[in-house]
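In case you want the letters, here they are:
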Number of protein chains: 2
Amino acid sequence: MIIASRKNQTVVKSRGLLAEKKLREKEGLIAAEGVKLCTEALDAGLKAEYAIVSEEAEKKFSELTERLRGVCQVYVVTQDIYFYLSQQKSPQGIFLALKLLDKSKNLDRILEKDKIILLDCIQDSGNLGTIIRTAEAFGIEGAVLSSDCADPYSPKTLRASMGSGFRLPICVSSSLEDTVIKLKEKGFEVYAAMLDETARRLGEFVFPKRCALVIGNEGHGVSQETAERCDKVYIPIRGAESLNAAVAAAVICYEMGK
Amino acid sequence: MIIASRKNQTVVKSRGLLAEKKLREKEGLIAAEGVKLCTEALDAGLKAEYAIVSEEAEKKFSELTERLRGVCQVYVVTQDIYFYLSQQKSPQGIFLALKLLDKSKNLDRILEKDKIILLDCIQDSGNLGTIIRTAEAFGIEGAVLSSDCADPYSPKTLRASMGSGFRLPICVSSSLEDTVIKLKEKGFEVYAAMLDETARRLGEFVFPKRCALVIGNEGHGVSQETAERCDKVYIPIRGAESLNAAVAAAVICYEMGK
């Protein structure tokens, strides 16, 4: 049966999952759209709860549709209904609801790694997703987010992360300062990306095997409480006053991963 | 006199300049909004045609308003009218129309420099602006854009470039392949950012004093016609399949500027 009503409960719920963080948390679900992201989620081993495909997508992406049918209930909807529930301008017609990753368990796992990124109040979802994607690409093994960061599992963040958000261990910390203290106890050197008189110039030293990088808010940088507990690293630039947060993270992660 | 009508000719025109590339080209004007961007434009020596400030901004940013009055006609509008003409969610209430830079003259200037970036069909304005900002920060001295790139002087690109778009010499080339040939005649080594069997690994060689980098489209990379005429450079990554175009540009420009 093809769903053609906007009032259908699955349609209503799915539209809500894409739009509202609160509903995602209440239901314990995240929502992915598109062939690439849904494939990445399955490849990463996330648990599928249910999927929705448009009539057209069912034919066009028959292989992925079959794969989805192997792991969860798949609902077929009309093109109109898919457009109604989707957040995208030109949707491919594939929606997947996944079990929310249990972020609380990740901190212990992350503390056992060697290369970590800490994100202090990164507010733009696009920046956050790009940083997660780039960090994974340069060999960073885990990300700790302050609780005032954008939602790492919002559709926009997931899209910018291009699947890295499903693979990189991520946890949300109620106190980034405390996380820095824990990391230092575990033998990490922790560098905040910022300029002060003690800051080391990127490229003029080698990062130790065990190290963490703190990237601060797009406007205000790293918060004082966290910065006080860290060494500092700066990127030498000229002309422009500053770099975009995702660009700064990229260049330092590139050096860390060397 | 405070303008309070949406039908006022200056209001209609300014709203159009923010929204439509065609109108910007017809009028030979570009449009900047906000304290930071308007200040950067004046500092960079662009010629102001006229400005619009909201009643509130006239008081709040009195110094900038005075500076604007020294160089061009300044119209004051009500808050409502400013919101109507603005493209921003929380506008500061400062609008500036500037003479469009004559991009055609810039190619000769750029060919005399040592470090250049070529952008092949970068379609996202945010990416384009971020690349321009980052390139300037890492000492790149000019940018050549293929004609199918996003508009370098759209409000979104200018915002992402954070003023670098007013300072970095930019030109639009009707044939990026021809530009590569010209650059090579001038003694440039030209590197396309892409992976093939001949590509050199970033970080394992030193860029020559005179060099150019080609960054390709977000989805399809560097076009074949252009790539054929270039050496290749790749960024070593793992896990993630690829990097965002602005991130790739940043990391290579960082190495070029070393």
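What you are looking at is a predicted structure, and each value in this text was computed from that prediction instead of being measured.

So, how was this worked out
- Residues numbered from 1 in each chain as written.
- Chains lettered and ligands numbered in written order.
- Predicted model: local features only at pLDDT ≥ 70, side-chain atom pairs only at ≥ 80, totals over all residues.
- Heavy atoms only, no water.
- Helix = DSSP H or I, 4+ residues; strand = E, 2+ residues; numbered from the N terminus.
- Salt bridge = Lys/Arg side-chain N within 4 Å of Asp/Glu carboxyl O.
- Contact = heavy atoms within 4.5 Å.
- Buried area = accessible area lost by both parts, 1.4 Å probe.
- Polar contact = N/O pair within 3.5 Å; in protein donor to acceptor, adjacent residues only side chain to side chain.
- Nonpolar A, V, L, I, M, F, W, Y, C, P; charged D, E, K, R; others polar.
- Least-squares fit on C-alpha atoms with pLDDT ≥ 70 in both.
- Patch = residues over 30% accessible without salt bridge, like charges linked within 9 Å, V, L, I, M, F, W, Y side chains within 5 Å.
- Areas by Shrake-Rupley, 256 points an atom, 1.4 Å probe, with all protein chains shown as cover.
- Lys, Arg positive; Asp, Glu negative; His and termini not counted.
- Charge placed at Lys NZ, Arg CZ, Asp CG, Glu CD.
- Buried < 20%, exposed > 50% of the residue type's maximum accessible area, 1.4 Å probe, protein only.
- Pairing = 2+ DSSP bridges.
- Axes fitted to C-alpha atoms, helices over the stretch in contact; angles between N-to-C directions.
- Core = buried A, V, L, I, M, F, W, Y, C linked by side-chain atoms within 4.5 Å.

Residues and elements named next belong to chain A. Phi angles above zero are rare outside glycine, and Cys 121 is one such case at about 60°. Within the secondary structure, Cys 121 sits in the loop between strand S6 (115-119) and helix H8 (125-137). In this model, Met 162 sits at a positive phi of 55°, which is unusual for a non-glycine residue. With respect to the element layout, Met 162 can be found in the loop between helix H9 (155-161) and helix H10 (164-167).

Here we come to the pattern of salt bridges. Tallied over the full model, the rule gives 34 salt bridges over all chains. For Glu 58 of chain B, the salt bridge goes to Arg 69 of chain B, with nearest N and O atoms at 2.9 Å. Note that Glu 58 of chain B is positioned in helix H4 (residues 55-60) and Arg 69 of chain B in helix H5 (residues 62-71), a separation of 11 residues in sequence. Residues joined by salt bridges that share partners form a network here, namely Lys 36, Glu 40, Glu 136 and Arg 167 of chain A together with Glu 241 of chain B.

On to the interface of chain B and chain A. Listed by partner, the interface residues are 31 residues for chain B and 31 residues for chain A. Of the roughly 2300 Å² buried at the junction of chain B and chain A (both faces included), carbon and sulfur atoms supply 55%. Considering only the surface of chain B that becomes buried against chain A, Arg 133, Arg 238 and Tyr 254 of chain B emerge as the three largest contributors, covering 25% of it. For the pair chain B and chain A, the interface holds 4 salt bridges. A salt bridge links Glu 241 of chain B to Lys 36 of chain A; its shortest N-O distance comes to 3.2 Å. Where chain B packs against chain A, one counts 17 residue pairs in polar contact (both at pLDDT 80 or more). Secondary-structure elements contributing two or more residues to the side of chain B that touches chain A are helix H3 (35-43), helix H8 (125-137), helix H10 (164-167) and helix H13 (245-256) of chain B. Broken down by element, the side of chain B that touches chain A gets its largest block of residues, 6 residues, from H13 of chain B. Of the residues contributing to the side of chain B that touches chain A, the split by class is 13 nonpolar, 9 polar and 9 charged.

For these two chains of identical sequence, chain B goes onto chain A by a turn of 180° and a shift of 0.0 Å along the axis, with RMSD 0.1 Å. Between the two chains, the operation in question is that of a two-fold axis. Here 100% of the contact residues of chain B are again contact residues in chain A; the copies associate through an equivalent surface.

Taken together, Lys 89, Lys 156 and Arg 159 of chain A together with Lys 89, Lys 156 and Arg 159 of chain B make up a surface patch of like positive charges. For the positive patch, the secondary-structure elements that each account for two or more residues are H9 of chain A together with helix H9 (155-161) of chain B. Note that Arg 159 of chain A resides in helix H9. Relative accessible area serves as the criterion here: at 36%, Arg 159 of chain A is assigned to the partly exposed category.

So, on to the sheet that holds strand S2 (residues 29-33) of chain A. Residue and element names in this part refer to chain A. With respect to topology, 5 strands assemble into an open sheet ordered S1-S4-S3-S5-S2, the strand pairing being mixed. The sheet terminates laterally at strand S1 (2-3) and S2, the two strands that pair on one side only. Across 2 bridges, S1 lies against strand S4 (residues 73-77) in parallel orientation. Paired with Ile 3 across the two strands is Val 77, which belongs to S4. Contacting S1, S2, strand S3 (48-54), S4 and strand S5 (94-99), helix H1 (residues 9-19) runs over the sheet at an angle of about 105° to S3. Its contacts with the sheet place helix H3 (residues 35-43) against S2, S3 and S5, and it is angled at close to 30° to S5.

On to the side chain of Ser 173 of chain A. Residues and elements named next belong to chain A. With respect to the secondary-structure elements, Ser 173 resides in strand S8 (residues 170-173). Relative accessible area serves as the criterion here: at 7%, Ser 173 is assigned to the buried category. Within polar-contact distance, the side chain of Ser 173 engages the backbone oxygen of Ser 175 at 2.9 Å.

It is worth spelling out the side chain of Asn 106 of chain B at this point. The topology assignment puts Asn 106 of chain B in helix H7 (residues 106-111). Sequence-distant contacts of Asn 106 of chain B, defined by excluding residues within four places in its chain, comprise Pro 169, Ile 170 and Cys 171 of chain B.

Turning to the nonpolar core, a few remarks are in order. General note: in soluble globular proteins, nonpolar side chains tend to be found buried as a group. Counting residues in hydrophobic clusters, the biggest one holds 122 residues, and the most contacted among them are Ile 117 of chain A together with Ile 117 of chain B. Setting aside chain neighbours within four positions, we find Ile 117 of chain A in contact with Ile 131, Ala 135, Ile 140, Gly 142, Ala 143, Val 144, Leu 213, Ile 215, Ala 249 and Cys 253 of chain A.

Attention shifts here to the pairing of strand S11 (residues 211-215) of chain A. Residue and element names in this part refer to chain A. Burial within S11 is extensive, with 5 of its 5 residues counted as buried. Every second residue of S11 is oriented toward a common face, with Cys 211, Leu 213 and Ile 215 on one face and Ala 212 and Val 214 on the other, all of them buried. As paired strands, S6 and S11 are joined by 5 bridges and run parallel to one another. Residue Lys 115 lies in a different strand from S11, and its bridge partner there is Cys 211.

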